[in-house]
Structure formats: structure tokens, C-alpha cells
Amino acid sequence: MKLLSKSTPPQLLIIIFAISIMIGTILLKLPFATTESISWINALFTSTSAMTVTGLAVVDTASSFTLFGEIIILVLIQLGGLGIMSFAVLIAKILGKRIGIKRRLLVQQSLNQNSFGGILTLIKYLFIFSLTIELVGTILLSLVWIPEMGWIKGIYYSFFHAVSAFNNAGFALWQDSLTGYVANPIVNIGITSLFILGGIGFTVLVDIWKTRRFKKLALHTKLMLVGTFTINLAAMLVVFLLEYTNPDTLGSLATLQDKLWASYFQGVTPRTAGFNSLDIASFREPTLFFMILLMFIGGGSASTAGGIKLTSFIVILFAVVSFLRGKEELVISKRAIKQSIILRALAITFLGMLFLVAGVFILSITEKSPLLSILFEVTSAFGTVGLSMGITGTLTVAGKIVIIFIMILGKLGPLTLAFSIAKPARTKVKYPGEEIITG
């Protein structure tokens, strides 16, 4: 307790997150949670994957876990997606307890907010939007799965995949994910809409709900909307063009409409979701490399997605363009961007790349898989995506531990980990400047 009271918000967030993962591991190790006994490392891996809403699986979810085990995974997904501290604050409010500054700081850290002003309002909208969107998603998916499976199983499958999709978890109750529904419009629209809404960020959803006019939206919201539409459209076209003649992916589909549905689904899923409607290992290398870039970018801040975040990528991109044009100040949509925001985006990107390189280096020693498969796996873990070229189940114990660490890092963010280790040094001393030759 003394350690908790002296911990900074980033440190406390990591401790709470680790405790939740361990509780999930113990519950998944119970005899009635699995159809046959699984190892501690596999239970830990599954619990971490669910809590970090990643979706990488060392064992098949549907065949390895009982209904109790699946429900534990679903609870961990919901906790990880919406944030443990968000639930803690909600329960405290229901019980009529006062929300202190430290708890608000924790929520601010977990939701990646710049200030804790309006945090309670954001949490209220977070739960309202989440439950509403998941309910609508369940109803939409039920139109397909109730006729196929019956009422009880159909509603359960619809609810499970709606929660998994909205929280960008990527856990599916089929061993081949959603490949059986590659050309189904309802499943394609339902699942993608859920994970795009979940990955765009709760602050964006609240801003849209309150403002409802594009011109009056916050700059962050505008960047997320335009950026998401642009990158998703570009990704769909890239997948369509690169895979059109591939007999193992789009080439195997009968009609142009089926190819377009598959291109759309596989184009938008790598940034965050983890579901797949085509076999990932069958894609061509250029497509796989493009997916790696998308997974590294990730979704939106204060969302259920991972990666360096789309806004970080946009800020760095505009900063480079601004530098090449000889401008001293970064301006986006007639708004000057603070130097601290640019430095933060650069720090997040650099730390993300550093951890990726370290992860790939270690796995290239411990695993016997091709380098591209390892890079894909590590990036998928960092972006909390959950897509895999099929090597997750063959990972060694050392490889699983590395991926577990990277999944946690991807969920909490590189800066949270860095701030939990480093102590901020504040000084009023100013030093003289000097030029350094670069480039």
C-alpha cells in the first residue's frame, strides 16, 4: 500500500494493469475455464492479449475455452478497451463517492488526455456510446448469425464479436477468424463500423455528438475524420491492386463485388482491429509490408486502438513538409501546433520504433520463423492489432514473453512506460544555444 501511495499516475496505471492481467491469468487457468489444461504461459499470454485488446492467440479461443473462459476473455476485453480506471470512477460515482485529483489523473493517463478537465463527462459519454454502439452492432450481426445458429447461440456470437470489434480486440470464435464471411455485406459493414468507431477515439465521438458541424469541430477531430477516411480509402485501393491477381487471396473470389468487400475489410483492419476475412500468410510481401506500416500507425488517441496513433503520424508528416518548405512554425488548418506536441509525436514514434527493433532482434534469435513473419508479429503486438502470419502458436516461451511485454507497451503507450521510469527534472536554468550539423 505504501508503494501505491508513493507511485506516480503512470506507475500506478501500470501496476493496476499488471494486477488485472494476473487475475485474468488465474481465472483462465481454472479447470472449468478450458476444455483441456493449458500452461501458465499460455493463460498469461491470452489474458494479456485480451486485456490489451490485441487478439493474438496461442490457442484457439473457441475450442480451447469453455463458455466461462470465453466470458472471462470478453470481460477482460471490455475492461482493457474502456479502461480499468474508467470503470473504477463509474462505480465510485454510482456509490456517491468523491472523485479525487489522483484518480482523475489516473483516468487522464489511461485515456491519454492532455488535461483532467471534463474527465467525468468524457467517462459518462464513453459508457453511453460504448454500450449503445455494441448493442446496435449485436442487433446487426444477429441478422446473419441467428438464422444460422439459432437464437441463443446467434445472439451470444453477435454480442461477443460486437464487443470484440468495438474494443478493437480481434478475438473471434472461429479458428479462421471471419474468412467464412468474406463476401457477406452485413458482417463486413457491421464489424468494420464497430472497430472504426472504437478506433477513432472517444473524444472525437463526443465532439461530433456535441458540435454536429464539421467547421466547428476541434482540430483533433477534423484530423482524425479526414485522416481515417483518407488512409482507409488508400489502404483499400492498395490491397485491391496488389492482391487482385493473387490466386490465394482476391484472385480466388468469384466476383468483383466480393473482391471489393475483401479489399475494404483487409484494408481497414490492419490499423487496429485484428479480424481477417482472408488468410494473412497468403498475402504478397508488398501487401504485408504495407500492412506493417498501417499497424505501426494505429488508430486514434483516447480510443481502443494501439500504435503511435494517427494524429502523431499526421503531425510528423506535416512537420516534415513544413520544414522542407522552410517554415519555422507548423500550421494545420490555420492553427499553429505547439512545439511540445511535435516533440511528443517524435518521442512516441522513436520509442515505438526502438521497442520494435528490440523485439524483432530478440525474436530473430529465439524463433525459427522468417524475418518478415517476426516483424509482422511484433508490429501487430505493438499496434495491439492481433493479425498474424501464423507464427503465434509456434512461439517459444521466450518469444511469448517478449510479445506479452510488447502488447502491454502498445496498449499503455511508450511514453507511459518512459514516464513511469524517469523522474521529470524541472529547472529554471537556461543554457546558451549552439548549432549542430545534422543530415
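See the structure above.
Residues numbered from 1 in each chain as written. Predicted model: local features only at pLDDT ≥ 70, side-chain atom pairs only at ≥ 80, totals over all residues. Heavy atoms only, no water.

## Let's talk about the overall build of the protein
Move 1: If you tally the helices and strands in the protein, you get 19 helices and two strands.
Move 2: In the protein, 69% of the contacts between residues at least 6 apart in sequence involve partners at least 24 apart.
Move 3: Total accessible area computed for the protein in this model is approximately 21,400 Å², and 68% of it derives from carbon and sulfur atoms. (Helix = DSSP H or I, 4+ residues; strand = E, 2+ residues; numbered from the N terminus. Contact = heavy atoms within 4.5 Å. Areas by Shrake-Rupley, 256 points an atom, 1.4 Å probe, with all protein chains shown as cover.)

## Remarks on the side chain of Asn42
Move 1: Residue position: Asn42 is located in helix H3 (residues 40-51).
Move 2: Among residues more than four places away in sequence, those in contact with Asn42 are Val58, Val59 and Lys400.

## A short note on the side chain of Ser158
Move 1: Inspection of the secondary structure assignment puts Ser158 in helix H9 (residues 151-166).
Move 2: Among all residues touching Ser158, those that are not within four sequence positions of it are Thr138, Leu141, Ser142 and Trp145.

## Some points on a nonpolar patch on the surface
Move 1: Where nonpolar side chains cluster on the molecular surface, the patch consists of Leu140, Leu143, Ile186 and Ile189 and spans about 310 Å² of accessible area.
Move 2: Taken together, the elements giving at least two residues each to the nonpolar patch come down to helix H8 (119-149) and helix H10 (185-200).
Move 3: Taking the relative accessible area as the measure of exposure, Ile189 reaches 40% and is therefore partly exposed. (Patch = residues over 30% accessible without salt bridge, like charges linked within 9 Å, V, L, I, M, F, W, Y side chains within 5 Å. Salt bridge = Lys/Arg side-chain N within 4 Å of Asp/Glu carboxyl O. Buried < 20%, exposed > 50% of the residue type's maximum accessible area, 1.4 Å probe, protein only.)

## Let's talk about the packing of H10 against helix H13 (residues 256-268)
For any two helices packed against each other, one specifies the crossing angle of their axes together with the interaxial distance.
Move 1: Contact geometry of H10 with H13 gives a least axis separation of 11 Å together with a crossing angle of 20 degrees. The orientation of H10 relative to H13 falls into the category roughly parallel. Note on packing geometry: the crossing formed by H10 with H13 is left-handed. Each of Pro185, Asn188, Ile189, Ile191, Thr192, Phe195 and Ile196 in H10 lies in contact with H13, whose residues at this interface are Trp261, Tyr264, Phe265 and Val268.
Move 2: Partitioning the contact of H10 with H13 into residue classes produces nine nonpolar, two polar and no charged. (Axes fitted to C-alpha atoms, helices over the stretch in contact; angles between N-to-C directions. Parallel < 35°, antiparallel > 145°, perpendicular 65-115°, else oblique. Left-handed = near helix turned anticlockwise from the far one by under 90°. Nonpolar A, V, L, I, M, F, W, Y, C, P; charged D, E, K, R; others polar.)

## Some details on the packing of aromatic side chains
Move 1: Under the counting rule described, the total for this entry stands at 14 aromatic pairs.
Move 2: Centre to centre, the rings of Phe355 and Phe405 are 6.1 Å apart; their planes meet at 55 degrees, and the pair counts as tilted. Residue Phe355 is found in helix H16 (residues 339-366), and its partner Phe405 is found in helix H18 (residues 397-412); the two are separated by 50 residues along the sequence.
Move 3: Classification of Phe355 by relative accessible area gives partly exposed; the value is 23%.
Move 4: Owing to a relative accessible area of 41%, Phe405 belongs among the partly exposed residues under this scheme.
Move 5: Members of the aromatic cluster, joined through ring pairs, are Trp145, Tyr156, Tyr157, Phe160, Trp174 and Tyr181.
Move 6: Sitting over the ring of Phe214, Lys222 keeps its end group 5.8 Å from the ring centre.
Move 7: The ring of Tyr244 carries Lys259 above its face, with NZ or CZ at 5.1 Å from the centroid. (Phe/Tyr/Trp six-rings, centres within 6.5 Å; stacked < 30°, edge-to-face > 60°. Lys NZ or Arg CZ within 6 Å of the ring centre and 35° of its normal.)

## Let's talk about the nonpolar core
Move 1: Ranked by internal contacts, the top residues of the largest apolar core, which has 91 residues, are Phe45, Ile77, Trp145, Ile191, Phe275, Val378 and Ile403.
Move 2: Apart from the residues lying within four places of it in its own chain, the contact partners of Phe45 are Leu56, Ala57, Val58, Thr392, Leu395, Lys400, Ile403, Ile404 and Met407. (Core = buried A, V, L, I, M, F, W, Y, C linked by side-chain atoms within 4.5 Å.)

## Topic: the packing of helix H12 (residues 219-243) against H13
Move 1: Interaxial distance between H12 and H13 falls to 8 Å at its minimum, and their mutual angle equals 125 degrees. Classified by the angle their axes make, H12 and H13 are oblique. The hand of the H12/H13 crossing is right-handed. Only Leu256, Lys259, Leu260, Ser263, Tyr264, Gln266, Gly267 and Val268 of H13 make contact with H12, whose side of the interface consists of Asn232, Ala235, Met236, Val239 and Phe240.
Move 2: Looking at the contact of H12 with H13 residue by residue, the classes come out as eight nonpolar, four polar and one charged.

## Remarks on helix H14 (residues 285-297)
Move 1: For H14, spanning 13 residues, the distance from its first C-alpha to its last is 19 Å, which sits close to the expected 18 Å at 1.5 Å a residue.
Move 2: The complete set of buried residues in H14 reads Thr287, Leu288, Met291, Ile292, Leu294, Met295, Phe296 and Ile297.
Move 3: Looking at the packing, one finds that the buried side of H14 touches H12, H13, helix H15 (310-324), H16 and helix H17 (371-382). (Expected span 1.5 Å × (residues − 1).)

## Quick notes on the environment of Val378
Move 1: Its location among the elements puts Val378 in helix H17.
Move 2: Separated by 18 residues in sequence, Val378 and Val360 have C-alpha atoms that sit 6.5 Å apart.
Move 3: Look past the residues within four positions of Val378 in its chain and what remains in contact with it is Leu356, Gly359, Val360, Leu363, Ile403 and Ile406.

## A word on H10
Two residues of an α-helix separated by three or four positions point the same way, owing to the 3.6 residues in each turn.
Move 1: For H10, built from 16 residues, the straight-helix expectation of 22 Å at 1.5 Å per residue is met to within 8% by its first-to-last C-alpha distance of 22 Å.
Move 2: Along H10, the residues classified as buried are Val187, Asn188, Gly190, Ile191, Thr192, Leu194, Phe195, Gly198, Gly199 and Ile200.
Move 3: Between the side-chain oxygen of the N-cap and the backbone nitrogen of Ile186 there are 3.0 Å, and the N-cap of H10 in question is Asn184.
Move 4: Among the residues trailing H10, Gly201 stands out with phi positive, at a value near 110 degrees. (Polar contact = N/O pair within 3.5 Å; in protein donor to acceptor, adjacent residues only side chain to side chain.)

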